[in-house]
Amino acid sequence: MKRQLLPSYTRMLGTLGEQIKLARLRRDLSSEQVAERAGIARGTLIKVERGDEGVAIGTYFRVLIALGLAQDILLLAKDDELGRKLQDAKLVVKERASKK
């Protein structure tokens, strides 16, 4: 059974899809052109632009490459604030050796 995303996460994916679509339109590229450059079907590009959760992340990346936005993928989880806090909480503070 497929687990569904929470509505807030579904909206995030939808926003991602909208941003990808806007990037395509700003570049004055048709959906056919981007799909061909990404090596995917036009229908798959439409799913990407809708933020469909069933589309593989590799496909999203191919579309970013086709739009010249490949470097944007590196922004994902770049500033892992929660992870850093959790890591810092596990750090053991060593006591200093006494001075003799």
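About the cut-offs
- All chains use their own residue numbering, which begins from 1 and follows the written sequence.
- Only residues with pLDDT of 70 or above have their local features reported here, since the model is predicted, and side-chain atom pairs are shown and tallied only from 80 upward, although totals for entire chains, interfaces and linings are computed over all residues.
- With hydrogens and water set aside, each side-chain value is computed from the structure's full complement of heavy atoms.
- With a 1.4 Å probe rolled over the protein chains alone, any residue whose accessible area is under 20% of its type maximum counts as buried; one over 50% counts as exposed, and the rest are partly exposed.
- Runs of H or I in DSSP of at least four residues are treated as helices and runs of E of at least two as strands, each being numbered from the N terminus.
- Here, the arc refers to the directions that run from the helix axis to the C-beta atoms.
- When checking whether two residues touch, look at their non-hydrogen atoms; a contact exists if any pair is within 4.5 Å.
- Only protein atoms enter the 1 Å grid used here, on which a cavity is any set of points holding a 1.4 Å probe that cannot leave and a pocket is any open set flanked by protein within 12 Å on both sides along at least five of seven lines; residues with an atom within 4 Å of a point are listed as lining.
- Grid points are joined across faces, edges and corners, and a volume is the space filled by probe spheres set on the points.
- Under the grouping applied here, Gly and all other residues not named as nonpolar or charged are polar, the nonpolar ones being Ala, Val, Leu, Ile, Met, Phe, Trp, Tyr, Cys and Pro and the charged ones Asp, Glu, Lys and Arg.

Draft legend 1. Examining helix H4 (residues 57–66) more closely. Residues Thr59, Tyr60, Val63, Leu64 and Ala66 constitute the buried set of H4. For H4, the buried positions fall inside an angular range of 160° around the axis, keeping them on one side. Its buried side turned inward, H4 meets helix H1 (7–26), helix H2 (31–38) and helix H3 (42–50).

Draft legend 2. Region of interest: the layout of surface pockets. Computed from the structure, the largest pocket encloses a volume of approximately 340 Å³. Around the largest pocket, the lining is made up of 16 residues, and of these Leu16, Ile20, Leu64, Ile73 and Leu76 lie nearest the centre. Taken together, the elements giving at least two residues each to the lining of the largest pocket come down to H1 and H4. For the lining of the largest pocket, the leading source of residues is H1, giving five residues. The residue makeup of the lining of the largest pocket, split by class, is twelve nonpolar, one polar and three charged.

Draft legend 3. Local environment of H3. Residues of H3 that are buried include every one of Leu45, Val48 and Glu49, and no others. Along the long axis of H3, the arc covered by the buried residues comes to 95°, so they all point the same way. Structurally, H3 contributes buried residues whose contacts are with H1, H2 and H4. The positive-phi residue at the C-terminal boundary of H3 is Gly51, with phi of around 80°.

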